[in-house]
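Letter by letter, the chains look like this.
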Amino acid sequence: MGKNKFITYENVFDQSTLRGLFKVSSQGYFDEIKSPVKIGKESNVFTVESGDELRIVKVYRTAASFAKMMDYMRADPRYMNVNGSKLTVVYAWAKKEFANLLKARKGGVTVPTPYAVHKNILCMEMIGDSTPAPMLHKRSPDNIELFYKRLRREIKKLYKARLVHTDISEYNILNFNDKPVLIDFSHAVDLRYPGVEKFLMRDINNLVRYFGRFGLDLDADEEYAKIVAK
Ligand SMILES: Nc1ncnc2c1ncn2[C@@H]1O[C@H](COP(=O)(O)OP(=O)(O)OP(=O)(O)O)[C@@H](O)[C@H]1O
Ligand SMILES: [Mg+2]
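Anyway, here's the lowdown on the structure attached to this text. What you see is a predicted model, and the numbers here were worked out from it, not measured in a lab. (Residues numbered from 1 in each chain as written. Chains lettered and ligands numbered in written order. Predicted model: local features only at pLDDT ≥ 70, side-chain atom pairs only at ≥ 80, totals over all residues. Heavy atoms only, no water.)

### Considerations on the overall build of the protein chain
Of the regular secondary structure elements, the protein chain holds 6 helices and 9 strands. Within the protein chain, the fraction of its 230 residues that count as buried is 47%. For the protein chain, restricting intrachain contacts to residue pairs at least 6 apart in sequence, the fraction spanning at least 24 positions comes to 59%. Carbon and sulfur atoms make up 52% of the accessible area of the protein chain, which totals about 12,500 Å². (Helix = DSSP H or I, 4+ residues; strand = E, 2+ residues; numbered from the N terminus. Buried < 20%, exposed > 50% of the residue type's maximum accessible area, 1.4 Å probe, protein only. Contact = heavy atoms within 4.5 Å. Areas by Shrake-Rupley, 256 points an atom, 1.4 Å probe, with all protein chains shown as cover.)

As structure tokens, this is what we get:
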């Protein structure tokens, strides 16, 4: 099997990403790209097949949207460094999400199990049955109170694992059969991070706002105290 197994995506990915996908695939983490889940500004997310299992591949955007600009810059020695450091940052970002997922997982938080990270490519467990579970934004909970309580338990476990998500909203929570699953851990920080309390409070305020729309009256300070309590 050659590199042209990803031929359909030739125009979606730059050469380096195509090589990366081929590498992760040949290491046995997946066989084929199945379908796009989200084409975004910072990343493109796909379902992939691994035997008869579906998984997720998240491809952080690097040169993809700037391919031409990058080709142009690469040719100019003044910009070699700019290009290099941009890639370094993106690769570090992907690695960070992998490490954060692993840490959360070890702390007993329900998150997608990360399988592999290579350059700007992250392969992980797909949350969902035969299709990816919807974002909370798309599917609100049937049982608001129970859903929130479960979510708070997850955030508390995450905190015990010394992590704060920092980007919690209805867009980064999946509703999997009325159970919350946090995703998108590239922004998550360790508790030692300066100002981490503010990030946690911001996460909580996002939830207070979201759940308030469904009539759940939460007090941000009280929720904060419950999460950080031993
Ligand atoms: N493991 C997963 N299982 C099911 N669906 C997923 C999974 N990971 C991502 N998705 C879907 O893909 C979408 C985008 O994923 P994610 O939030 O991680 O990327 P993003 O918002 O582009 O990230 P970033 O903010 O780092 O650019 C999610 O909203 C969700 O619908
Ligand atoms: Mg997201």
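### Description of the site of ligand 1
With respect to spatial proximity, 21 residues lie near ligand 1, and among them Lys38, Glu42, Ser43, Lys58 and Asp184 are the closest. The side chain of lysine 58 places a nitrogen or oxygen atom 2.8 Å from an oxygen atom of ligand 1. A total of 610 Å² of accessible area belongs to ligand 1 in isolation, and the protein chains cover 93% of it. Elements with a contribution of two residues or more to the shell around ligand 1: strand S1 (32-39), strand S2 (43-50), strand S3 (53-60) and strand S5 (121-125). Residue contributions to the shell around ligand 1 reach at least three from each of two domains, namely domain 1 (3-125) and domain 2 (144-228). (Near = heavy atom within 4 Å. Polar contact = N/O pair within 3.5 Å; in protein donor to acceptor, adjacent residues only side chain to side chain. Domains from an automatic or database assignment.)

### Structural notes on the coordination of the magnesium ion (ligand 2)
Only Asn172 (OD1) and Asp184 (OD) from the protein reach the magnesium ion (ligand 2) as donors, at distances of 2.2 Å. You can see asparagine 172 sitting in the loop between strand S6 (163-164) and strand S7 (173-176) and its partner aspartate 184 sitting in the loop between strand S8 (179-182) and strand S9 (189-190), a full 12 residues away along the chain. Just as asparagine 172 is buried, aspartate 184 falls in that class too. (Donors = N, O, S within 2.8 Å, 3.2 Å for Na, K, Ca; no water.)

### Re the packing of aromatic side chains
Both the distance between ring centres and the angle between the ring planes are used here to describe each pair of aromatic rings. Per the stated rule, a full pass over the model turns up 6 aromatic pairs. Aromatic side chains phenylalanine 13 and phenylalanine 46 sit 5.5 Å apart centroid to centroid with 65° between the ring planes, which places their arrangement in the edge-to-face category. Taken as a pair, phenylalanine 13 in the segment before helix H1 (15-26) and phenylalanine 46 in strand S2 lie far apart in primary sequence, 33 residues in all. Here the aromatic residues Phe147, Tyr148, Tyr210, Phe211 and Phe214 are joined through ring pairs into a cluster of three or more. Its guanidinium or amino end placed over the ring of tyrosine 115, arginine 55 lies 4.1 Å from that ring's centre, counting from NZ or CZ. (Phe/Tyr/Trp six-rings, centres within 6.5 Å; stacked < 30°, edge-to-face > 60°. Lys NZ or Arg CZ within 6 Å of the ring centre and 35° of its normal.)

### Things to note about H1
In a regular helix each residue adds 1.5 Å, so 12 residues correspond to 16 Å; H1 covers 16 Å between its end C-alpha atoms and thus fits that length. Residues Ser16, Thr17, Leu18, Gly20, Leu21, Val24 and Ser25 constitute the buried set of H1. Just past H1, the residue glycine 28 takes up positive phi, approximately 95°. (Expected span 1.5 Å × (residues − 1).)

### Let's talk about unusual backbone geometry
Phi is positive for lysine 119, which is not a glycine, with a value near 50°. Within the secondary structure, lysine 119 sits in the loop between strand S4 (114-118) and S5. Judged by its relative accessible area of 38%, lysine 119 falls in the partly exposed class. A positive phi is found at asparagine 177, a non-glycine position, where the angle reads about 50°. When you line up the elements, asparagine 177 lands in the loop between S7 and S8.

### Looking at the sheet that holds S1
Spatial ordering of the open sheet is given by S1-S2-S3-S5-S4, a layout of 5 strands whose pairing is antiparallel. Here the strands that pair on one side only, and so sit at the sheet edges, are S1 and S4. Going across the sheet, the axis of each strand differs from the next one's by a mean of 20°, ignoring polarity. Sheet topology note: the S2/S3 ladder contains 8 bridges and is antiparallel. Bridge assignment links asparagine 44 to a residue of S3, and that residue is valine 59. The sheet strands contacting H1 are S1, S3, S4 and S5, and the helix crosses S5 at an angle near 35°. (Pairing = 2+ DSSP bridges. Axes fitted to C-alpha atoms, helices over the stretch in contact; angles between N-to-C directions.)

### Describing the packing of helix H4 (residues 144-160) against helix H6 (residues 220-228)
Each pair of packed helices can be described by the angle between their axes along with the distance between the axes. At their nearest, the axes of H4 and H6 sit 8 Å apart, and the two run at 50° to each other. Taken together, the axes of H4 and H6 are oblique relative to one another. Our pair here, H4 against H6, has a crossing hand that is right-handed. The residues of H6 that touch H4, namely those facing Tyr148, Arg152, Ile155, Lys156 and Tyr159, are Glu223, Lys226, Ile227 and Val228. Considering only residue class, the contact of H4 with H6 consists of 5 nonpolar, no polar and 4 charged. (Parallel < 35°, antiparallel > 145°, perpendicular 65-115°, else oblique. Left-handed = near helix turned anticlockwise from the far one by under 90°. Nonpolar A, V, L, I, M, F, W, Y, C, P; charged D, E, K, R; others polar.)

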